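Residue strings, one per chain:
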Amino acid sequence: MKYVFQFGIVWDHLPRLVEGAWLTLRLSVGAFVLGLMLAALLAFARTSGPRGVRIAVTAYVEFIRNTPFLVQLFVIYFSLPAIGIRFEAVTAALIGMTLNFAGYATEILRAGIESVPRSQIEAGHSLGFSRLSIYRHIIVYPALRAVYPALASQFVLLMLGSSIVAAISVEELTGIINTLQSTTFRAFEFYFVATGFYLTLALVLRLLLDAVYWLAFVRGHPAEKAWAR
Amino acid sequence: MNRRDMLMGAATAGAAGVALLAAGSDVAHAQVTPAQTAGGVLDRIIKDKKIRVTAEVTSPPFGILDRNNQPDGSEIETSRQLAKDLGVELELVQVTAPQRIPALLAGRADVAISSLSITFDRAKTVMFAPPHGALSIVIAGAKKNSIKSAADLAGKKIGLTRATLEEATVPGIAPQGTNLVYFDDIAATLQAMVSGQVDAAGMSAFAAKSVADRNPRAEIENKFTVRTAYYGAAVRPGDFDLLQFLRTWVFLNKQNGVLARIYQKYTEIPLVDLPVL
């Protein structure tokens, strides 16, 4: 069978595709920032909080990491209205992505915190640092540096995984693509272009993340110098 | 059979229509003329004591396979009724949805009874008997949302399922300002309606009935009918004797309530008034 590709129709709908990609990007960055903030709190609680809190955080992390993202989304979007909590689709998607990313990021940050040599923390104690000061001045920087590549990968996964939120009617890139292909019957063309969009987004994000890494950790940061010595 | 399967039937029927646009013209040329005995195909059926009818079994509630893997569904029951009224044996010719018309034209079946919606394009290739069933796309929603006609959709959030008949028809009647939201499968659309994430949703009348019965607390009701497609039996071009029999057959079974009973039995909704073809 010979299939004739007709990309003209894709160009006709380009503004909508760009709109979708823009929403994908906004959701991903939003969930990354919010999720990272939440994860920092949770990782702190998990490593130095009281026992009850540690158990609660561990339970949260295991719940998030061992249930499908799609099901988590359905719970937020379809089930919460039953107890009177209703979110718009985009809000539900942002909440779901944030909670999901926070689950993974907590584990990543915990690994980073635990990678800081015990002796350095003890040195802080012996110098009379408070627990928070130890975090602020001794742990955070080397811990972040150690897990930065893992966090960056998780961010890209978050962006690619955001395609799932189309299932709760969010008109991000995948949602737009699905609607366009089912109304125009040019599935190959649209999926082809969607792949290109995601690939470009992922590559650009990686470049940006590498740049941030270089700025924060390589370009002779004073703390970096002190730590690396 | 569940509500999702029912809707899949509607979706398949729609998709099949598109596929046929492509397939129909080629097949028409390849048509095998059946052996024309003196009296035509109707006489042959009566003489052989056997009628061959297409059976498409992937479109609930029209055609399905039952627990024993035997064809069942409203169209299969309709075929049985036809054979019974003719006083002949029924031979079901199993076909896929896109093969329904090709199988008829190729002479593998004498008549196609497989929820074929009556359309211009199909009428160019086959001859339709008067419709014996209908498939309606409706807007359904909770009782508290006041929607009486298409104009009331403005400002409302309406759920639709991608790649279905409702996706093809509802946007055309929705006024400016309607917020159409799309889901990937019917289950998600129904769930969005039941949980109140959308004000109303487009779906087949079967799905609306099914979801309303299963969620009494949500108070789902039909708001209005968007479009009704009528389906009927189809015969090869030129088989006027069989077509005339089918006309009479539909007329009689409409009068005696048999068609309405079959339709109600499988779709669980009453048959609408069938127009005359």
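Residues numbered from 1 in each chain as written. Chains lettered and ligands numbered in written order. Predicted model: local features only at pLDDT ≥ 70, side-chain atom pairs only at ≥ 80, totals over all residues.

Considering the overall build of chain B
Then step 1. The number of helices and strands found in chain B is ten helices and nine strands.
Then step 2. When the 277 residues of chain B are sorted by exposure, 48% land in the buried category.
Then step 3. Within chain B, contacts between residues separated by at least 24 positions form 73% of all contacts whose residues are at least 6 apart in sequence. (Helix = DSSP H or I, 4+ residues; strand = E, 2+ residues; numbered from the N terminus. Buried ≥ 20, exposed ≤ 12 C-beta atoms within 10 Å, placed from the backbone. Contact = placed C-beta atoms within 7 Å.)

Regarding the environment of S162(A)
Residues and elements named next belong to chain A.
Then step 1. In this structure, S162 sits in the loop between α7 (131-161) and α8 (173-184).
Then step 2. A tally of 27 C-beta atoms within 10 Å means that S162 is categorised as buried.
Then step 3. Here the alpha-carbon distance between S162 and T174, two residues twelve residues apart in the chain, equals 8.6 Å.

Concerning the interface of chain B and chain A
Then step 1. Every contact between the two is made by 13 residues of chain B and, on the other side, 14 residues of chain A.
Then step 2. Breaking the side of chain B that touches chain A down by element, the ones donating at least two residues are β7 (179-183) and α7 (186-194) of chain B.
Then step 3. Among the residues forming the side of chain B that touches chain A, the class breakdown is six nonpolar, four polar and three charged. (Nonpolar A, V, L, I, M, F, W, Y, C, P; charged D, E, K, R; others polar.)

So, the environment of N100(A)
Residues and elements named next belong to chain A.
Then step 1. For N100, the position within the fold is in helix α5 (residues 89-115).
Then step 2. On the basis of neighbour count, N100 is assigned to the buried category, with 21 C-beta atoms found within 10 Å.
Then step 3. Between the C-alpha atom of N100 and that of A143, which follows or precedes it by 43 residues, the distance is 21 Å.
Then step 4. If sequence neighbours within four positions are ignored, N100 has contacts with I64, F69 and Q72.

Quick notes on the nonpolar core
Then step 1. Ranked by size, the top nonpolar core spans 73 residues in total, and within it L73(A), A93(A), I168(A), A140(B), M193(B) and A201(B) carry the most contacts.
Then step 2. For this core, the element with the most residues is α5(A), which contributes twelve residues.
Then step 3. Ignoring anything within four residues of it in the chain, the contact list for I168(A) reads L73(A), Y77(A), A89(A), A92(A) and A93(A).
Then step 4. With 38 residues, the next largest nonpolar core counts I45(B), I51(B), V57(B) and W249(B) among its residues. (Core = buried A, V, L, I, M, F, W, Y, C linked by C-beta atoms within 7 Å.)

Overview of the pairing of strand β5 (residues 127-142) of chain B
Residue and element names in this part refer to chain B.
Then step 1. Among the 16 residues that make up β5, 14 are buried, leaving the element largely enclosed by the rest of the structure.
Then step 2. In terms of strand pairing, β5 meets strand β9 (residues 220-235) through 13 bridges, oriented antiparallel. Bridging from a neighbouring strand, M127 pairs with V235 of β9.
Then step 3. The sheet contact formed by β5 and strand β8 (residues 200-204) spans five bridges and is antiparallel. Among the inter-strand pairings, I137 is bridged to a residue of β8, identified as S204. (Pairing = 2+ DSSP bridges.)

Concerning the sheet that holds β7(B)
Each strand in a sheet pairs with its neighbour through backbone hydrogen bonds, running either in the same direction (parallel) or in the opposite one (antiparallel).
All names here are of chain B.
Then step 1. The mixed open sheet is built from five strands, whose spatial order is β7-β6-β8-β5-β9. Each edge of the open sheet is held by one strand with a lone partner, namely β7 and β9. Each strand axis lies, on average, 25° off the axis of its neighbour in the sheet, ignoring direction. (Axes fitted to C-alpha atoms, helices over the stretch in contact; angles between N-to-C directions.)

Let's talk about helix α3 (residues 74-86) of chain B
All names here are of chain B.
Then step 1. The end-to-end C-alpha distance of α3, which contains 13 residues, comes to 18 Å, matching closely the 18 Å that a straight helix rising 1.5 Å per residue would cover.
Then step 2. Three or more residues of α3 are buried, namely S74, E75, I76, E77, T78, S79 and L82.
Then step 3. In this structure, the buried side of α3 is in contact with β1 (50-55), β3 (71-72), β4 (89-94), β5, α9 (240-255) and α10 (258-267).
Then step 4. Just past α3, the residue G87 takes up positive phi, approximately 75°. (Expected span 1.5 Å × (residues − 1).)

Observations regarding the packing of helix α2 (residues 14-48) of chain A against α7(A)
Packed helices, taken two at a time, are described by the angle their axes make and the gap between the axes.
All names here are of chain A.
Then step 1. α7 packs onto α2 with a crossing angle of 140° between their chain directions and a minimal axis gap of 11 Å. Viewed along their axes, α2 and α7 adopt a mutual orientation that is oblique. As α2 runs across α7, the sense of the crossing is right-handed. Facing T24, S28, A31, F32, F44 and S48 of α2, the residues of α7 in contact are R131, Y135, F155, L158 and M159. (Parallel < 35°, antiparallel > 145°, perpendicular 65-115°, else oblique. Left-handed = near helix turned anticlockwise from the far one by under 90°.)

Quick notes on the confidence of the model for chain B
Parts of the prediction with low pLDDT should not have their coordinates interpreted in detail.
All names here are of chain B.
Then step 1. This prediction gives chain B a mean pLDDT of 86; 86% of its residues lie at or above 70.
Then step 2. Below pLDDT 50 for its whole length, residues 13-32 participates in 30 contacts with residues either more than four positions away or in separate chains.
Then step 3. In the predicted complex, the global pTM is 0.71; the interface-specific ipTM is 0.76. (pLDDT = per-residue confidence, 0-100.)

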